[in-house]
Amino acid sequence: MRGKHKILVVDDSRMNRMTFTDILQDSYEILEAENGEIALRVLEKQKDYIALIILDLMMPVMDGFQFLKEFKQKDVYGNIPVIVATTSTDIENECRCLELGVWDFIPKVFHPRIIRFRVFNAIDKSKIKVLEYDSLTGIYNQQKFFQRTRELLDSDNRKTYAFIHLSVERFMQMSSLYGPAEASRLLCALADAIRTGMKGWDQAAYGRVGNEEFGICMPYEHRADLLDIIRIIKKMAKDQPMDYYLEIAAGIYLIEDRGMEVPVIYDKASVAGRSGAGNYMEHEAFYTQEMDERLAREQRIINEMHQALEEEQFVVYFQPKYELDHFTPCGAEALVRWKQPDGSMISPGEFIPVFEKNGFIIQLDYYVWERVCRFIREEIDAGRDPAPISVNISRVNLYNPKFYETLVNLVSEYKIPLRYLHLELTESAFSDSGNMMMDAVEFLHHAGFTILMDDFGSGYSSLNTLKDIDMDVLKIDMKFLTRGQQENSRSGIILEAVISMAHSLGMLVITEGVEERGQVDFLKSLGCDYIQGYYFARPMPMEEYRELIRGEY
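All of the points below concern the structure found in this document. Since the structure is predicted, the reported quantities are computational estimates derived from the model, not experimental observations.

Glancing now at the packing of aromatic side chains. For the structure shown, the criterion picks out 26 aromatic pairs. Geometrically, the ring pair formed by Phe145 and Phe163 is tilted, given 5.6 Å between the ring centres and 45 degrees between the ring planes. Taken together, the residues span a long stretch of sequence, with Phe145 in helix α6 (residues 142–155) and Phe163 in strand β6 (residues 161–168) at a distance of 18 residues. Comparing Phe145 with Phe163 shows no difference in burial state: the two are buried. Between Trp369 and Phe403 the ring centres are 6.0 Å apart and the planes differ by 55 degrees, which places this aromatic pair in the tilted class. Separated by 34 residues along the polypeptide, Trp369 in helix α13 (residues 361–381) and Phe403 in helix α14 (residues 403–413) bring together distant segments of the chain. Just as Trp369 is buried, Phe403 falls in that class too. Ring pairs connect the aromatic residues Phe314, Trp338, Phe351, Phe355, Phe360 and Tyr367, which therefore count as one cluster. For Arg96, the ring lying beneath its charged end belongs to Phe65, and the centroid distance is 3.8 Å. A cation over an aromatic ring shows up here: Arg337 above the ring of Tyr317, its NZ or CZ 5.8 Å from the ring centre.

On to the sheet that holds strand β5 (residues 104–107). Taking strand neighbours across the sheet as the criterion, the five strands line up as β2-β1-β3-β4-β5 in an open arrangement whose pairing is parallel. A strand with exactly one partner marks an edge of an open sheet, and here the two such strands are β2 (28–33) and β5. Sheet twist, expressed as the mean angle between neighbouring strand axes with direction ignored, is 25 degrees. Relative to β5, strand β4 (residues 82–86) runs parallel, the two sharing four bridges. Bridged to Thr86 within β5 is Pro107. Set on the sheet, helix α1 (residues 14–24) makes contact with β1 (5–10), β2, β3 (50–55) and β4; between it and β2 the angle comes to about 170 degrees. Packing of helix α3 (residues 64–72) onto the sheet brings it into contact with β3 and β4, and relative to β3 it is tilted by some 150 degrees.

This part is about the environment of Arg17. Within the secondary structure, Arg17 sits in helix α1. Counting along the chain gives 17 residues from Arg17 to Glu34, while the straight-line C-alpha distance between them is 8.6 Å. Reaching out from Arg17, the side chain makes a polar contact with the side chain of Glu32 at a distance of 2.9 Å.

The next point concerns the pairing of strand β17 (residues 473–477). One face of the sheet, then the other: side chains in a regular strand alternate in exactly this way. Burial runs high along β17: four of the five residues are buried. Across two bridges, the pairing between strand β16 (residues 450–454) and β17 is parallel. Considered in β17, the bridge of Met453 is made with Leu474. In the sheet, β17 pairs with strand β18 (residues 508–512) via five bridges, with the strands oriented parallel. The residue of β18 that forms the bridge with Lys475 is Ile510.

A few words now on the pattern of salt bridges. Summed over all chains, the structure comprises 30 salt bridges. One salt bridge in this structure joins Asp239 and Lys235, with 2.9 Å as the shortest N-O distance. A salt bridge links Arg546 to Glu543, with the shortest nitrogen-to-oxygen separation between them at 2.9 Å. Taken together, the positions of Arg546 and Glu543, both in helix α20 (residues 542–550) and three residues apart, correspond to about one turn of that helix. Arg546 gets classed as buried once you look at its relative accessible area, which sits at 7%. Shared partners join several salt bridges into a network, and the residues in it are Arg231, Lys234, Lys238, Glu247 and Glu284.

All of the buried residues in helix α12 (residues 348–358) are Phe351, Val354 and Phe355. For α12, the arc enclosing every buried residue in end-on projection is 95 degrees, short of the 170-degree limit, so these residues lie on one face. Tucked into the core, α12 has its buried residues touching α11 (289–310), β11 (314–323), β12 (328–339), β13 (345–346) and α13. Regarding α12, its N-cap is Ser347, as a side-chain oxygen of that residue lies 3.1 Å from the backbone nitrogen of Gly349 further along. Of the residues one or two after α12, Gly359 is the one with positive phi, at around 85 degrees.

Bringing the environment of Gly492 into the picture now. Within the fold, Gly492 resides in helix α18 (residues 490–504). C-alpha separation for the pair Gly492 and Leu526, spaced 34 residues apart in sequence, amounts to 9.5 Å.

Bringing the pairing of β6 into the picture now. Most of β6 is tucked away, with eight of its eight residues classed as buried. Judged by which residues are buried, β6 turns out to be covered on both faces: Tyr161, Phe163, His165 and Ser167 on one side and Ala162, Ile164, Leu166 and Val168 on the other are all buried. Here β6 runs beside strand β8 (residues 213–219); their pairing, made up of seven bridges, is antiparallel. By the bridge assignment for β8, Tyr161 is matched with Pro219. Both β6 and strand β9 (residues 248–255) contribute to a ladder of eight bridges, which runs antiparallel. Looking at β9, one finds that Phe163 is bridged to Tyr253.

Okay, the packing of α18 against helix α19 (residues 517–526) next. Packed helix pairs are specified by the crossing angle of their axes together with the interaxial distance, meaning the distance between the axes. In contact at an axis separation of 10 Å, α18 and α19 are set at 45 degrees when each is read in the N-to-C sense. By the angle class used here, α18 and α19 are oblique. Of the two elements, α18 crosses α19, and the hand of that crossing is right-handed. Facing Gly492, Leu495, Glu496 and Ile499 of α18, the residues of α19 in contact are Phe522, Leu523 and Leu526. When the residues that make up the contact of α18 with α19 are grouped by side-chain class, the tally is five nonpolar, one polar and one charged.

In this model, Phe110 sits at a positive phi of 55 degrees, which is unusual for a non-glycine residue. By the secondary structure assignment, Phe110 is in the loop between β5 and α5 (112–132). If you check the backbone angles, Glu312 has positive phi at about 55 degrees while not being a glycine. In this structure, Glu312 sits in the loop between α11 and β11. Taking relative accessible area as the criterion, Glu312 reaches 49% and is therefore assigned partly exposed.

Here is what the cut-offs are and how they apply
- Residues numbered from 1 in each chain as written.
- Predicted model: local features only at pLDDT ≥ 70, side-chain atom pairs only at ≥ 80, totals over all residues.
- Heavy atoms only, no water.
- Phe/Tyr/Trp six-rings, centres within 6.5 Å; stacked < 30°, edge-to-face > 60°.
- Helix = DSSP H or I, 4+ residues; strand = E, 2+ residues; numbered from the N terminus.
- Buried < 20%, exposed > 50% of the residue type's maximum accessible area, 1.4 Å probe, protein only.
- Lys NZ or Arg CZ within 6 Å of the ring centre and 35° of its normal.
- Pairing = 2+ DSSP bridges.
- Axes fitted to C-alpha atoms, helices over the stretch in contact; angles between N-to-C directions.
- Contact = heavy atoms within 4.5 Å.
- Polar contact = N/O pair within 3.5 Å; in protein donor to acceptor, adjacent residues only side chain to side chain.
- Salt bridge = Lys/Arg side-chain N within 4 Å of Asp/Glu carboxyl O.
- Arc of directions from axis to C-beta.
- Parallel < 35°, antiparallel > 145°, perpendicular 65-115°, else oblique.
- Left-handed = near helix turned anticlockwise from the far one by under 90°.
- Nonpolar A, V, L, I, M, F, W, Y, C, P; charged D, E, K, R; others polar.

Here it is, written out as structure tokens:
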């Protein structure tokens, strides 16, 4: 039997099942089910091997019509043909069957040659369908989608077309955290949203073009209309019940050169999509030439990142924090710099966003945490009582199932009292991670960590964040104020209110980016607790920071 296609015969009559088996068993392996409910159980286990279903309509427990309804709801079954075996000539029943996706009919006169021909033809046609449709989502696969796109571009020179690239952000992290079954459900949800959103668009094509990537080619007239369609599709996908925050990035390429190869068109839309990924204010981006140049720079960073980590090209710097009563250093924030072998430096503003997109930031975060723990351990072993060092926690780490375990184990390994290691989370991470961030803060607090909210005031839900999440320290960027207009500006009044509110909630306040004496005096008058910025100290290598604080012990 090895190597034969499997056929599932669903009929409550044992005699009918035996007859089909006698006719087909020389060429196929036959599976049997006596009603639709049993057939669905068999199908669930054998879906990758069943090449055809022969279905009776009138059965107890679950009849053929109910089976077809259940069967049709599963996209993974979309390539399995169904032939109905019936004695009825009822036109209404036939129409119902065709609406439910039945491929063909076999009259129950059991003519062996007719049955073999119909079975062979259905399986043969399904092979062609398999070559055109994605087995998971049931929409076009890449090859067929690109072919259909080519046909659209060649068919009407009067229309302008847009190519849309859609991708699930942080898909690999979510797949790792929630498992492959949930990842598949997510992809099917997005495919269903695209299918529904594109109903009525005859001159359009769509398909799955990569693991978590989808494409749409459609006529383009107005920018606003196109963006509305994209947002409708994204909303439908996100309306599915899920236990995590889902964001979908969209890249759009307006096709001006109809002779351009479809893979090139796809690449340009993909570049636009990647430029929008991780941008938590705007997730739809139109392609520009500058994106290609930026992508080339990002690729160089990606090509070198693993070697840079192995060779310890990443250097941890400390930027001191100063208390405002005596202007003395009282700890620092750990930052990372990339010093290349030739001595040149790559700006964090250039490589951090790249690492957040591709997940490498998880490894870099750990690299920084480990070196900070080592520094604190050395200070303790030398008999000193170091002020706390704060390390940054990337939002990507929240999707890392081993994040908490890794951090707690690291601190335990170096035997670091938790008062020496503080954790910084950006406010923007709270706005896009929802309950996950609240759970993270609760766990970290329970473990004994001090939590700082960085960039407070940069998002749209700052007060809600303070209301819902118990933080220890607020960090406010001096950019919040207009230079030279501290006391009398509206922003100055707001800053005074924020500091007062934070103190009322039992939180300390650090203002960073302080560069002028006037700013220092103003912040001191408002009761700000600590400052950080170039006025007192720039980020410095560890050893330089060690020399700075030795005079303060």
